[in-house]
Amino acid sequence: MIFNPFAAIGRASMAAFSEIGRLAIFTGRVLLACLTPPIYLREFFSQCMKVGFFSLPVVGMTAVFIGASLALNIYVGTQFGAEQIVPTISVIGITRELGPVLAALMLAGRVSAGVAAEIGAMKVTEQIDALHTLSAKPERYLYAPRVLAATLTMPILVLIADIVGLMGAWMICVAALDFSGPTFLRNVWQENIYENVSVGLIKAAVFGMIIAIMGCYQGSNSKGGAGGVGRAATLAVVGAAVLILASNYVMTSMFADT
Amino acid sequence: MTDNSKTLLELRNIYKSFGPKHVLQGFDLSVAPGQSVVIIGGSGTGKSVSIKCALGLLKPDSGEIYFDGEKQDSAKAVARIRERTGMLFQGGALFDSLKVWENVSFTLTQNQKMSRKDARDAAIETLKKVRLGASVADQRPAELSGGMQKRVALARAIISKPDLIFFDEPTTGLDPITADAVNDLIREQVQALGAAAVTITHDMASVRKIADDVAMLYDGKIIWRGPVDRLDDSGNEYIDQFVHGRADGPIQPSM
Ligand SMILES: Nc1ncnc2c1ncn2[C@@H]1O[C@H](COP(=O)(O)OP(=O)(O)OP(=O)(O)O)[C@@H](O)[C@H]1O
Ligand SMILES: [Mg+2]
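In this text, all values refer to a predicted model and were calculated from it rather than measured experimentally.

K.L.:
Describe the coordination of the magnesium ion (ligand 2), naming the residues involved and giving the relevant values.
P.N.:
For the magnesium ion (ligand 2), the full set of protein donor atoms is Ser48(B) (OG) and Gln90(B) (OE1), and the range of their distances to it is 2.0 to 2.3 Å. Note that Ser48(B) is positioned in helix H1 (residues 47–54) and Gln90(B) in the loop between strand E6 (85–88) and helix H3 (100–104), a separation of 42 residues in sequence.

In structure tokens form, the structure reads like this:
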């Protein structure tokens, strides 16, 4: 048979569109379960611990190093007025971009993969089927608590990442660059600090939702034993990371004049 | 006992394929209230698939399913059959993130909104029926042996007092003594509940112990069905080969 490039391209784009369609339907069903009762509170709180609390070390470590290295980079690129410029730029960079994006990417590794593996294992051992036969809907019992927990705890994590990241910047400035500590803090506390932080926190909530939904979606689609579960975890991390970066761009341009 | 004037579950002319693999091709089954039907058949012939279709876990390509006279063609109807049936999965399918008692009383806490304390008591009560002590209640499924897991899964399947219970290979992987005990439990609990049962098994000892009727699945269809005491003089060469476990005969071993 002659290789027909149009057929191949057509097939690939059909597959991509139907995947996007399935993900959209899945997201709609899960969000509906998140917004209407009953909500399984026990599951929700235990997921908040797993997703939020136990991610603190990862997020904190990331933030402190990124804050410090960002401040150093800005200092190196600044010729005068560094004491004014370094904190001003750092606070924007950390609260609006690096805090939420890096925390989200770290959580994509930790949480998306974990959720996909957990749900994937439940799928291949027929636990999801068992839920159905016991009249419990997986979107309510499994997916909604995870999505709610990630969406609501992610902003808290990012707020902490912002504070820790600025501490990192502050430390490098005071310890290595001989800045005055109080001046640094005064420059951080500008008039639009609230806007900057809020933009970051809105992004954080969206990223949290993406992280949990990708984990649930790939997990619930896994098939074929342990290999399938591993593949689901990989697909969840990659999918979540791509969607985080793409939606970050969209939100940055939406909020550009905020 | 068996009331043949009514059927509780009926599967009519079910077809189900996975890609090029045609698994069920005109599968029929009817189960009367209180009746115990055992499905036998070779590995990979679609026994598990047939009961997953009955419970709406898989969607047949064509065919009709009725439960208590109601056609299973809407989400509501499927929800009703699930409320009134219990299922013991081939691999147990216990929730490994929950304790044993939380597994057993899952429908009580999740659907009937029973308090956790009452549910725990009910779970321990039901565990007693499957000869498990209260000490396992707070363990995780992974800490139990295979036979204990089967019994926990059995407890989970019967706790809501269903009208119909599906058992998918309840004795596979158990030693003969435990297997026999599980068979006794099934017989005893099904009779205590007055429930109908559909059991899948390869184990002829199980068949003789728990079946009222036996149905043999071969090549996507039920090729023989009859009362268990006709098993040895069915006059059907497929049944004969299966019952006596011979490699030569009309059925090719699946290797
Ligand atoms: N979800 C699925 N996707 C693709 N193929 C499937 C699926 N479920 C079952 N099959 C195929 O359908 C066939 C019948 O499977 P089924 O699990 O019903 O066998 P079985 O009769 O229960 O066998 P066993 O006694 O070994 O449990 C098998 O060949 C299996 O590969
Ligand atoms: Mg099977």
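K.L.:
Describe the sheet that holds E6(B), with residues and values.
P.N.:
Residue and element names in this part refer to chain B. As summarised here, the arrangement of the six strands in space is E6-E7-E8-E3-E9-E10, forming an open sheet in which the pairing is mixed. This sheet does not close on itself; its edge strands, each paired only once, are E6 and strand E10 (221–227). Taking each pair of neighbouring strands and ignoring which way they run, the sheet shows an average axis angle of 15°.

K.L.:
Give me the lowdown on unusual backbone geometry, citing residues and values where you can.
P.N.:
With an omega of 0°, the peptide bond between Pro37(A) and Pro38(A) qualifies as cis. With respect to the helices, strands and loops of the structure, Pro38(A) is situated in the loop between helix H1 (5–35) and helix H2 (41–51). Its identity as a non-glycine residue notwithstanding, Ala93(B) has a phi of 50°, on the positive side. Along the chain, Ala93(B) turns up in the loop between E6 and H3.

K.L.:
With reference to specific residues and values, describe the nonpolar core.
P.N.:
Of all hydrophobic cores here, the largest spans 86 residues; its most connected members are Leu9(B), Leu29(B) and Phe166(B). The dominant element in this core, judged by the number of residues it contributes, is helix H6 (residues 138–175) of chain A, at 13 residues. Those residues within four positions of Phe166(B) in sequence are excluded, and the remaining contacts are Leu9(B), Ile51(B), Ala54(B), Leu55(B), Thr85(B), Gly86(B), Met87(B), Leu88(B) and Val198(B). Counting residues in hydrophobic clusters, the runner-up holds 47 residues, among them Ile124(B), Ala137(B), Ala153(B) and Leu154(B).

K.L.:
Any details on the environment of Thr153(A)? Residues and values, ideally.
P.N.:
All names here are of chain A. Considering the arrangement of structural elements, one finds Thr 153 in helix H6. Judged by relative accessible area, which is 11%, Thr 153 ranks as buried. Separated by 42 residues in the primary sequence, Thr 153 and Val 111 place their C-alpha atoms 12 Å from one another.

K.L.:
Any chance you could break down the interface of chain B and chain A for me, citing the residues and the numbers?
P.N.:
Contact with chain B, which involves 21 residues of that partner, is made by 15 residues of chain A. Both faces considered, chain B and chain A share a buried interface measuring about 1,600 Å² in area, 56% of it formed by carbon and sulfur atoms. If you sort the residues of chain B by the area they bury against chain A, Arg82(B), Phe95(B) and Phe106(B) come out on top, with a joint share of 28%. In this structure, Lys52(B) engages Glu126(A) in a salt bridge whose closest nitrogen and oxygen atoms are separated by 2.5 Å. Those elements that provide at least two residues to the side of chain B that touches chain A are helix H2 (75–83) and helix H4 (106–110) of chain B. By residue number, the principal contributor to the side of chain B that touches chain A is H4(B), which donates three residues. When grouped by side-chain class, the residues that make up the side of chain B that touches chain A number nine nonpolar, five polar and seven charged.

K.L.:
Give a description of the environment of Tyr249(A) that names residues and reports values.
P.N.:
Residues and elements named next belong to chain A. Position of Tyr 249 among the secondary structure elements: in helix H9 (residues 225–254). Look at Tyr 249 and you get exposed, because its relative accessible area is 59%. When the C-alpha positions of Tyr 249 and Glu 97 are compared, they lie 9.8 Å apart, and in sequence the two are 152 residues distant.

K.L.:
If you had to explain the packing of aromatic side chains to someone new, which residues and values would you point to?
P.N.:
Using the criterion set out here, one finds ten aromatic pairs over all chains in the structure. Residues Phe53(A) and Phe54(A) carry aromatic rings whose centres are separated by 5.4 Å and whose planes lie at 80° to one another, so their mutual orientation is edge-to-face. Note on Phe54(A): relative accessible area 47%, which makes it partly exposed. Consider the rings of Trp189(A) and Tyr194(A), whose centres lie 6.2 Å apart with planes at 85°: the pair is edge-to-face. Tyr194(A) shares its class with Trp189(A); the two are exposed. Among the aromatic side chains, those forming a connected cluster through ring pairs are Tyr40(A), Tyr141(A), Phe95(B) and Phe106(B). It is Arg156(B) that lies over the ring of Phe95(B); its NZ or CZ is 4.8 Å from the centre.

Reading the values: rules and limits
Residues numbered from 1 in each chain as written. Chains lettered and ligands numbered in written order. Predicted model: local features only at pLDDT ≥ 70, side-chain atom pairs only at ≥ 80, totals over all residues. Heavy atoms only, no water. Donors = N, O, S within 2.8 Å, 3.2 Å for Na, K, Ca; no water. Helix = DSSP H or I, 4+ residues; strand = E, 2+ residues; numbered from the N terminus. Pairing = 2+ DSSP bridges. Axes fitted to C-alpha atoms, helices over the stretch in contact; angles between N-to-C directions. Core = buried A, V, L, I, M, F, W, Y, C linked by side-chain atoms within 4.5 Å. Buried < 20%, exposed > 50% of the residue type's maximum accessible area, 1.4 Å probe, protein only. Contact = heavy atoms within 4.5 Å. Buried area = accessible area lost by both parts, 1.4 Å probe. Salt bridge = Lys/Arg side-chain N within 4 Å of Asp/Glu carboxyl O. Nonpolar A, V, L, I, M, F, W, Y, C, P; charged D, E, K, R; others polar. Phe/Tyr/Trp six-rings, centres within 6.5 Å; stacked < 30°, edge-to-face > 60°. Lys NZ or Arg CZ within 6 Å of the ring centre and 35° of its normal.

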